[in-house]
Structures are given as structure tokens and as C-alpha cells.
Amino acid sequence: MLETMTKLKYERPFIKKMSVGMMDKSAAQSEFTPVNEIDGVAVKELIREYGSPVFVMSETTLINNYQTALQAFRTRYPKVQFAWSYKTHYNNAICRIFHKRGSWAEVVSGFEYRKALNNGVPGSQILFNGPDKHEDELQLAVENDSLIHLDHFEELFVLIGVCNRLQKKARVTIRVNMDTGVQPIWDRFGFNFESGQAWQAISRIATESNLVFTGLHAHIGTYMLSADAYGIAAGKLSDLALRSKKELGILVKYIDLGGGFPGSNMLKGTYGAITIPSIDAFAEAISHSLRTAGFEQNELPLLILESGRALIDDAGYLLGTVLANKKLSDGRKATIMDFGVNILFTSFWYDHKISPAGEPSAYQEDAVLYGPLCMNIDVVRESVRLPLLNRGDHVVVHKVGAYNMTQWMQFIAMRPPIVLIDTNGRTHLIRKREDLAYLEQPEVLPGYLA
Ligand SMILES: *Cc1c(COP(=O)(O)O)cnc(C)c1O
């Protein structure tokens, strides 16, 4: 009995020799090839210097993704502009990598709007989306000549009030929702196309002397697997634009098709069985639709894209460390990691690829991968086949660049640091690990409890 108290190097039972072709479906995409470096920087070094867990962002991958996407659209359509979706990853260093290459900013809240201004984005290149723009934020946007994307009629009326009070004109765009043949329809955002609501909003805007109707916007969903849906959306927005010209004499300056292009992460339970269209497929569907909609050649609207996850997901890595192994009551092996759903929100819908870092083991086994939280739903992978891992071994989680570093929470554990590897292979800390002082900074202790 005593000997079970001493630490064993390997757990003895349930070890299976690696047998190619015997993998069950749930583990089919697991990786056994160790990943020992990211952009030439050793995983071990990164963890030694910045601790574990730690997020790592690759500037090289970011830039490649951005250039590839831009190229896909620019080779098919004459006027293209990207705007970085702040909520996907709003660390200033990351935003500036995009802005430096000409990307505008797409924001959905007041603090994101201010972040974009602080990042040096001219007000006229900030697209202000979202259903919750406060009156003072609308005022700030009007003063900075930003592109205000209206979500509902109440917002339209507040904006009219702001403009009249300031005696200033505002450039407005309406967000349009529509049936693109893909369920569910995101009809909670913006004005509906089929019901005539969108046209009603445009007509109302046209009567306001302080509002300049400028563009049309749609963001039809996220992780969209149908390029055709974008063709349909571009077609419906074009209909509205052509009608504006014909009936109101207003030339729509831009058509913004939002984001929603999928990254290459695998959705849970799909086992790689679905095909993810390339960015070229989306570019082709959209460009074709706009080019054939009936615009005069010299009146083709600017095409704006707000792609988020497709540009950044595979540029992000999470490095972590094994805390312990144990056996569950049904005999399955469980491995506890030092990162969980608190910082890997996307593991609720993705089967993230996880690679060991270090010497490859000849053996592998299926395991449930748990996070460190005292919470039953803290499961990073329900079933993954990995080489044997021991306490202290490191792993690399792939494609975690989108949304995790904005949706993370400090439930039980502090949020980890973010490190950027620049195009020269140098590392930069771009967000510090949180600590107790940071956590308690906004707390206020009532005098009687002091
Ligand atoms: C979130 C969001 C985006 C980015 O979406 P992805 O699916 O990450 O490409 C773009 N536009 C709007 C309005 C959004 O809300």
C-alpha cells in the first residue's frame, strides 16, 4: 500500500501499444507529433520565461492570413477594405499589427471604440456596430465622423437627437438581416430585408437633414460554411443600394459583408467530416454577386469585410502543463491540465488540436483532458489520444487566437499572459499575467468591514 503513495513514473494499467489504423473516431484527429517550437522559439523557453499557462501569438501568421484574405478579394473586386473586428482580439499590439497594414477598426461597444481611437485609427475609419451604443458614445462617434451602423429604430432616434443638438451631420449605415438560406437567421440584429423594415429605415434616414445615408451592412453569422449565403447577402444589399439610387437619388458608398468566415478549427463531434470553404470561395461568391448586381462600373460600392476568427484563430497558441493523471471510476484515464474552459472558452464548441511538447513517447492512450477548475464542466477535450504525459510535461493547444483572449474569465484562476512572437522571432510580453492586486483593484470595502 505504501508504495502507491510514492509517485510512479508511468501509470501501469491501460497502456496500449501504438497501433495505426485502430484509432476510434473520437480520437481520430489527435496529434502525436511533438511541437517543440513556435516560429522558431522553443516552447520550453517560452514557458520558462513567461510561466504556464501562456498564450502565444504569431505575428507572421497574422500577417500572412491578412495578406492572403486581402489578396483573395482584391484580385476579384476593385475596391476592398478590411476592418479588424475588435471583439475577436482587442489587445492593442494585435490591433496595431492590423492597422499598420491598412486595416480599419470594427467595434461593438464604447470601450472598443475608444480603444480604436487610442490605437491611432482615424475616426472616419472606425465602424461602430452593435445594439448597445450609449448616447455619449454616439456623440463621440459623430464628433469623430465615424461610420455608425444602426441596429434599431430607437438608436436611430437617439442619433437624430444627438446630431440636432450638436448641429452636426453623421454618416450612417444600417445593419440588415435577411434569409440567406442558412439557419438560424440572425434576425435579432439590424433591420429585416424581407419584411421591408430595412427599406423603411433607409427611407426614414433619407428624410433627416443631419443624417448622411452611407452604407449597408450585414453580418449573417459566424463560422459560416456556405459561400453561397454570402453571395445571396451581397445580392440583397445590392438591391437596397440600387433602389436607394433610383428612388431616393442616394449613392451608397459601401457594402459591408461583416465577418463570419470559418477558421480551420474542427467543430465538436464533426470528426473532420465537414469541408470548410476557402477564403477564395467566399471572395468569389461575394465579388461575383456585386459585379453582376447592376451597378454602373464607376459606381461600384467599396466592399468592406470585418473578418475576425478566420484571420487570427491559427495565429494563437496556448502552452500549458500537465498537473496530474488519474483514473476515473469507469477506467478511463484523466489528465488534469493547468488551463481550462476559463481561458479556453472555444473548447465548448471546438475539438482543439493538442500536441505534446518534448520527447515523443512510443505509447499513447485515450484520455479525458480536464482543466484545473473546481467545476464539473471544465473539460478541454472529452476524448483525446496523446502520448503518455506526466506531471510537468508541456502541451501546445493550437488555433486559439480568436475570442479566447476576450471571452476569458478569472473564475478561480487568474488570466495568463500573452506573448507575441514578431516577424524576426523576437518575443514580446503584450499582456501581463493577472495578479491579486489587479483582481482587487475595483473592489470597495465598506468602512464597517474594514
Ligand atoms: C463578431 C463580429 C465580426 C467578426 O466575426 P467573425 O465570425 O469572427 O469573423 C464582424 N462583424 C460584426 C458586426 C461582429 O459582431
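Rules and cut-offs
- Residues numbered from 1 in each chain as written.
- Predicted model: local features only at pLDDT ≥ 70, side-chain atom pairs only at ≥ 80, totals over all residues.
- Heavy atoms only, no water.
- Helix = DSSP H or I, 4+ residues; strand = E, 2+ residues; numbered from the N terminus.
- Buried < 20%, exposed > 50% of the residue type's maximum accessible area, 1.4 Å probe, protein only.
- Contact = heavy atoms within 4.5 Å.
- Areas by Shrake-Rupley, 256 points an atom, 1.4 Å probe, with all protein chains shown as cover.
- Lys, Arg positive; Asp, Glu negative; His and termini not counted.
- Charge placed at Lys NZ, Arg CZ, Asp CG, Glu CD.
- Core = buried A, V, L, I, M, F, W, Y, C linked by side-chain atoms within 4.5 Å.
- Domains from an automatic or database assignment.
- Pairing = 2+ DSSP bridges.
- Near = heavy atom within 4 Å.
- Nonpolar A, V, L, I, M, F, W, Y, C, P; charged D, E, K, R; others polar.
- Salt bridge = Lys/Arg side-chain N within 4 Å of Asp/Glu carboxyl O.

Student: Help me out: how do you make sense of the overall build of the protein in this one?
Tutor: For the protein, the count of helices and strands is 13 helices and 21 strands. Each principal axis of the C-alpha atoms in the protein carries an extent, and together these give about 85 × 65 × 45 Å. With 450 residues in all, the protein has 51% of them scored as buried. In the protein, once contacts between residues fewer than 6 apart in sequence are set aside, the share between residues at least 24 apart is 70%. Accessible area for the protein stands at about 20600 Å²; split by element, carbon and sulfur atoms hold 53% of it. Charge-centre separation for the protein: the mean point of 47 positive side chains lies 3 Å from the mean point of 49 negative side chains.

Student: It is not clear to me how the nonpolar core should be interpreted in this structure. Could you clarify?
Tutor: Nonpolar side chains tend toward joint burial in soluble globular proteins. Among the nonpolar cores identified, the biggest contains 102 residues, and F73, L159, I174, L216 and I286 are the most heavily contacted of them. Element by element, the count of residues in this core is highest for helix α9 (residues 227-248), at eight residues. The residue makeup of this core includes at least three contributed by each of domain 1 (18-57 + 314-435) and domain 2 (129-307). Once residues within four sequence positions are removed from consideration, L216 is found in contact with T173, I174, V176, I202, L237, L240, A241, V252, Y254, I255 and D256.

Student: Is there a simple way to think about the pairing of strand β19 (residues 394-397) in this case?
Tutor: The side chains of a regular strand alternate between the sheet's two faces. Burial along β19 is two-sided: H394 and V396 and V395 and V397, pointing in opposite directions, are all buried. Where strand β16 (residues 354-357) lies against β19, four bridges are found, and the strand directions are antiparallel. The partner of S355 across the bridge, within β19, is V396.

Student: Explain the site of the ligand here, please?
Tutor: Near the ligand you find 16 residues, and of these K87, T222, G260, E306 and Y403 are the closest. If the ligand stood free it would expose 390 Å²; the protein chains cover 95% of that surface. Counted by class, the shell around the ligand contains one nonpolar, 10 polar and five charged residues.

Student: Explain the pattern of salt bridges here, please?
Tutor: Oppositely charged side chains may form a pair once their charged atoms are brought near each other. In total, this model carries 20 salt bridges according to the counting rule given. Here E365 and K333 are joined by a salt bridge, their closest N and O atoms 2.8 Å apart. Of this pair, E365 sits in strand β17 (residues 363-370) while K333 is found in strand β15 (residues 333-337), placing the two residues 32 residues apart along the sequence. There is no split in this pair, since E365 and K333 are both buried. E434 is paired through a salt bridge with R415; the nearest N and O atoms lie 2.7 Å apart. Of this pair, E434 sits in the loop between β21 (427-431) and α13 (436-440) while R415 sits in the loop between α12 (404-407) and β20 (418-421), placing them 19 residues apart in sequence. The structure contains a network of salt bridges with shared partners spanning R76, D280, E284 and R291.

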